[in-house]
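# Structural description and commentary
Below are the chains, spelled out letter by letter.
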Amino acid sequence: ELGPYSHFMQKEIHEQPKALSDTIEAVLDAGFCPALFGDRADTVLRELEGVKILACGTSYYAGLTAKYWIESIAGVLCDVEIASEYRYREAWVHPKHLVVTISQSGETLDTMEALKYAKSKGHCAALSICNVAESAIPRASELVFYTRAGAEIGVASTKAFTTQLVALFTLAVTLGKLRGRVDAAAEAGYLEALRHLPGSVQHALNLEPQIKAWSERFAPKNDALFLGRGLHYPIALEGALKLKEISYIHAEAYPAGELKHGPLALVDQNMPVVVIAPNDALLEKVKSNMQEVRARGGELFVFADLDSHFSESEGVHVIRTPRHVGVLSAVVHAIPVQLLAYHVALARGTDVDKPRNLAKSVTVE
Ligand code: F6R
């Protein structure tokens, strides 16, 4: 079942080009159209005034990424909240907001209860982005987009995450089209970006030997810090979660601009700092944040792309993806942080597919 791989996590990381092409296929065939989200989607997506995303864990980080796309591409207000918080507060539910739940398993209790809570208060429509057909959450939602990642067995979510990102990107562009913010030329560009995505992800997977070489440096550490800005901040969060979950190294992620508001005090030579720094509009800002880290003796491990023009220097290690892929760069950069967590866990000898204290599907509180 594992083929050439040592663990399901490694296998599932490597299945991402296929999982992504399978998920993208329907979009490439149909273009960005409401029907991808169900028969009733046209009216719902046309009439909504905002999007409220509810999810847990890695799926929540997919939601955080989506906020950037939905607000910038569609011009639609988007708020993202952890399901277990939302369900227990007196939330104000806007009847014209679309509630979007994201769940690989479709059975996560907190996400399900958050959805029920929203429905009980607001009569709002709900869209489920889910990887398991006929599971509880899509059954309770009017609109559904099934990711086609295939069965995910490793406890740490990998291919489900990147396919969720594709689903959410598709939602953002579809909303942008319905609102007249995405014209035919822009749509063609977004389709082209999706078409190239599996290939770019394959290029990122090819970096595995270099990432494995880094893992030896992380294995003896107790802590790590992940930094990113904009669309790459949620990827930093995901990288920190993956690392703590399977290697048991304490890791935190911050938007790089927050460094000097507190976490910089943690930085010394014992704190490896991973930076997600592709060539986007915030690169110069990220570079100056990196200098702040270097000035305190922190060792930098930078995931960049060819266009970021980084060079290695004392205390600065760089791994580059072959090119900048624009709006979908966050999806491509999820791969190196998954591989880093995987190889650090291997180096530490932890149980990669079944990390201690965790379950694949969290159907209890
Ligand atoms: C982390 C991980 C978890 C899940 C979370 C939500 O690698 O897998 O954080 O993302 O438990 O699960 P789903 O998506 O099934 O609702």
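All of the points below concern the structure found in this document. Just so it is clear, the model here is predicted, and its values are computed rather than measured. (Residues numbered from 1 in each chain as written. Predicted model: local features only at pLDDT ≥ 70, side-chain atom pairs only at ≥ 80, totals over all residues. Heavy atoms only, no water.)

Let us now look at the sheet that holds strand 9 (residues 299-305). Read from one edge of the open sheet, five strands run 7-6-8-9-10, paired in parallel fashion. The open sheet has two free edges, formed respectively by strand 7 (250-255) and strand 10 (316-321), since each of these has just one partner strand. Taken over all neighbouring pairs, the strand axes of this sheet differ in orientation by 20° on average, direction set aside. (Pairing = 2+ DSSP bridges. Helix = DSSP H or I, 4+ residues; strand = E, 2+ residues; numbered from the N terminus. Axes fitted to C-alpha atoms, helices over the stretch in contact; angles between N-to-C directions.)

On to the side chain of Lys159. Mapped onto the secondary structure, Lys159 falls in helix 8 (residues 159-178). Exposure remark for Lys159: the relative accessible area of 3% places this residue in the buried category. The contacts of Lys159, once residues within four sequence positions are left out, are Glu12, Glu15, Gln16, Ala19, Ala149, Gly150, Ala151 and Glu152. (Buried < 20%, exposed > 50% of the residue type's maximum accessible area, 1.4 Å probe, protein only. Contact = heavy atoms within 4.5 Å.)

The full count for this structure, using the stated rule, is nine aromatic pairs. Measuring from ring centre to ring centre gives 6.3 Å for Phe32 and Phe169, while their planes differ by 80°; the resulting arrangement is edge-to-face. Highlighted residues: Phe32 in the loop between helix 2 (16-30) and helix 3 (41-47) and Phe169 in helix 8, separated in sequence by 137 residues. Residue classification places Phe32 among the buried positions, given a relative accessible area of 1%. A relative accessible area of 0% places Phe169 in the buried class. Here the aromatic residues Phe32, Trp69, Phe169 and Tyr190 are joined through ring pairs into a cluster of three or more. (Phe/Tyr/Trp six-rings, centres within 6.5 Å; stacked < 30°, edge-to-face > 60°.)

Okay, the sheet that holds strand 3 (residues 97-103) next. Pairing is parallel across the open sheet formed by five strands, whose spatial order is 2-1-3-4-5. Here the strands that pair on one side only, and so sit at the sheet edges, are strand 2 (78-82) and strand 5 (143-146). Neighbour-to-neighbour, the strand axes of this sheet turn through a mean angle of 20°, independent of strand direction. As paired strands, strand 1 (residues 50-55) and strand 3 are joined by five bridges and run parallel to one another. Of the residues in strand 3, the one forming a bridge with Gly50 is His97. Taken strand by strand, helix 6 (residues 109-122) contacts strand 1, strand 3 and strand 4 (126-130), and its axis lies near 170° from that of strand 3.

Two measures define how a pair of helices packs: the angle their axes make with one another and the distance between the axes. It is the contact of helix 8 with helix 13 (residues 329-348), at a shortest axis distance of 10 Å, that shows an interaxial angle of 170°. In this view, helix 8 runs roughly antiparallel relative to helix 13, as classed from their interaxial angle. On the side of helix 8, the interface is formed by Phe161, Thr162 and Leu165, while helix 13 contributes Val331, Ala334, Ile335 and Gln338. A per-class count over the contact of helix 8 with helix 13 returns five nonpolar, two polar and no charged. (Parallel < 35°, antiparallel > 145°, perpendicular 65-115°, else oblique. Nonpolar A, V, L, I, M, F, W, Y, C, P; charged D, E, K, R; others polar.)

This brings us to the nonpolar core. Within the largest apolar cluster, 93 residues are counted, with the highest numbers of intra-cluster contacts made by Ile53, Ile70, Val100 and Phe226. With twelve residues, helix 13 is the largest single contributor of residues to this core. Setting aside residues up to four positions removed in sequence, Ile70 forms contacts with Val51, Ile53, Gly75, Val76, Cys78, Leu171, Ala172 and Leu175. Leu225, Leu227, Ala256 and Val275 belong to the second-largest nonpolar core, a separate cluster that totals 20 residues. (Core = buried A, V, L, I, M, F, W, Y, C linked by side-chain atoms within 4.5 Å.)

Everything listed here is a matter of geometry and, on its own, says nothing about what the molecule does.
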